[in-house]
Structures are given as C-alpha cells and as structure tokens.
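Here is what each chain is made of, one letter per residue.
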Amino acid sequence: MGKQRVAQLEYSEFQSAMLDEEKRRRKAAKIIAVLEHFQGPLAGLTVGDVGCSAGFIADELAKAGAGHTLGIDIDVPGLRKAADRFGERVAFVCGDGTALPFPDGSIDVLVFNHIYEHVVDPDSVVAEMHRVLSDDGVLYLGLGNRLGVMEPHYKLPFLSYLPPALADRYVRATGRADHYYERFRTRRGLRKMLRAFHVWDYTFPVLATPTRFAGGELFPGLPGRVVKAVLSRTPREVLRLLLPVVPTYLWVATKTPRPPAGAALPQPPERVRPL
C-alpha cells in the first residue's frame, strides 16, 4: 500500500526554501509586475496570497499598495513567523484552501504560486478561489509542469514523470526523502483544472523580457541572457511547440473575459485555449 497523502501542515519547517527571504521577495516582484501589466496597480484592492507560509510574498503585495492584504495557509509555524514580522500590514489567516473563510466575490486579486502540487485536492482549492474572487478579479498562478524534465523540489530528472510508487523508490534511492509527496499535472491537466476561468499565459513574455517582469531568477546569469535573446526573437509558432515541456507556467486567470491592459511586448501574452 502507498503512503496516504495528507495535508502538509508545517511545510516551512521542512522546506527551507519557504524561509529564503531574498528569493521569495524576488518572486513577489515578478508576481506584482505580471499583475500590474495585466490589470494595473494594486492600490486599494483586497489581495490574498493562498499558501503564504512565512509571508514574504504577502508582505510585498502589501508594500505594492494593496488596500487590504490577506495571507492564508495551514502552515501554523510559518504563519506565526509571518504575523510576528508583518502582522501590522497583512492579516494572516489559518485556513484550508478548500474552505476559504471569505464571502463570495470578496477578493480582488488572488495569488496561488507553486502551491497546487502540495495540496491534497487542488481542484477544490481552485473552485474556492473562483468563489471568493470578485467578478472582475484576477488570479495569478505559478504552475509547475509534470513534464518539466528537472523536478524542482528534489532536483532529480524525470521524477515527476513517474507513478507514485516508482517516484517513492527514486527519492529514497537518492537519499532525498522517504517518499515523493508532490503531484504535478501536465499542461492539459492544468487547463482542465482552470476550465472555469479565462486564462492568459505570461510564461514567454516573462522569459523574453525578464527585466520588465523582475523575472531574472528563472534563468540567472549568462544562461538567462541567452534565453532572453533567443526567446525575444523566436517566432511564436516555434515557441508553442515547447509548451508541453516548459517547466513552469505563469498564468493570469479571470472569471469574465478581459484582455491584458499593459503595453505591447516582444512576446505578448496569449490566451490559453480552454478544454
């Protein structure tokens, strides 16, 4: 029998990346830049970070001008750290993503950044975010791809390709963990998960113009400059061929159809075809 998959209640206690303040704030800068390109400033809006952990991204959302910032997680140690440091400008809530403690349509912007693979029922979390998002609200999504070659948490090639039993053996054999908890989906599976939303893909815009989106951490240094040069000049028809194996998708979703409001880009955002 495989190990039963239960909620990760204290994720920041065993995943040190959640406490890497510099890296988390860089990610926040990218998230804010994408949101502002899509819809304009966050000033005065109610913004929620679902899966906030130690609160660095939520803090940056508040500093970007959000009128009311919420950080939601089941990671109690992370929430304690967050509240101690940022509680004066962010309201931190211990809440399950499958039952968000907010009224229908009450939140203007939601962030769900590299969280879905860690939750037991991501479809229910997405349905709850749809419920609490306002009719003209915006949802930012950072989504890992099952077919990305290098698994991001354990840095093992093809780990996420494997069925759970084989993935468990792989991480044990390499000494990385006792079992492999995360469950990624393919691009098709992610499109299905977001089928209630209208989705725009910002993956290639961010990669092709990293300085515009503070996205240098995706491919830092010389490799990043090479990627930027290639992507900014490659025809979109060619780039689309890479979509099934792109390791991370950066998507913006809305409940009602609306185009990005920002300026033209060398590689513009594109609609994600619904399933």
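For the structure itself, consult the block above.
The structure presented is a predicted model; accordingly, all values stated were derived computationally and were not measured.

Peer 1: Before we go on, may I ask you to explain the overall build of the protein chain in this structure?
Peer 2: Looking only at helices and strands, the protein chain has ten helices and eight strands in total. Classification of the 275 residues of the protein chain by burial places 50% in the buried group. Counting contacts in the protein chain only where the partners sit at least 6 residues apart, residues at least 24 apart contribute 73% of the total. Roughly 12800 Å² of accessible area belongs to the protein chain as shown, and the carbon and sulfur atoms make up 57% of that amount.

Peer 1: I would appreciate a short explanation of the pairing of strand β3 (residues 91-94) in the present structure.
Peer 2: Consecutive side chains of a regular strand alternate in pointing toward one face of the sheet and then the other. The pairing of strand β2 (residues 68-73) with β3 spans four bridges and is parallel. Pairing of Ile-72 across the sheet is with Val-93, part of β3. As for the winding sense of the linkage, the β-α-β connection from β2 through helix α4 (residues 76-86) to β3 is right-handed.

Peer 1: Hey, could you run me through helix α6 (residues 164-173) in this one?
Peer 2: Among all positions in α6, only Ala-167, Asp-168 and Val-171 are buried. Summarising the axial view, the buried residues of α6 lie within an arc of 105°, below the 170-degree limit, and thus occupy one face. For α6, the exposed residues set more than 90 degrees away from the buried face come down to Ala-165, Arg-169 and Ala-173. One or two steps after α6, the chain reaches Gly-175, where phi turns positive at roughly 75°.

Reading guide: rules and limits
- Residues numbered from 1 in each chain as written.
- Predicted model: local features only at pLDDT ≥ 70, side-chain atom pairs only at ≥ 80, totals over all residues.
- Heavy atoms only, no water.
- Helix = DSSP H or I, 4+ residues; strand = E, 2+ residues; numbered from the N terminus.
- Buried < 20%, exposed > 50% of the residue type's maximum accessible area, 1.4 Å probe, protein only.
- Contact = heavy atoms within 4.5 Å.
- Areas by Shrake-Rupley, 256 points an atom, 1.4 Å probe, with all protein chains shown as cover.
- Pairing = 2+ DSSP bridges.
- Right-handed = clockwise from strand over helix to strand, strands pointing away.
- Arc of directions from axis to C-beta.

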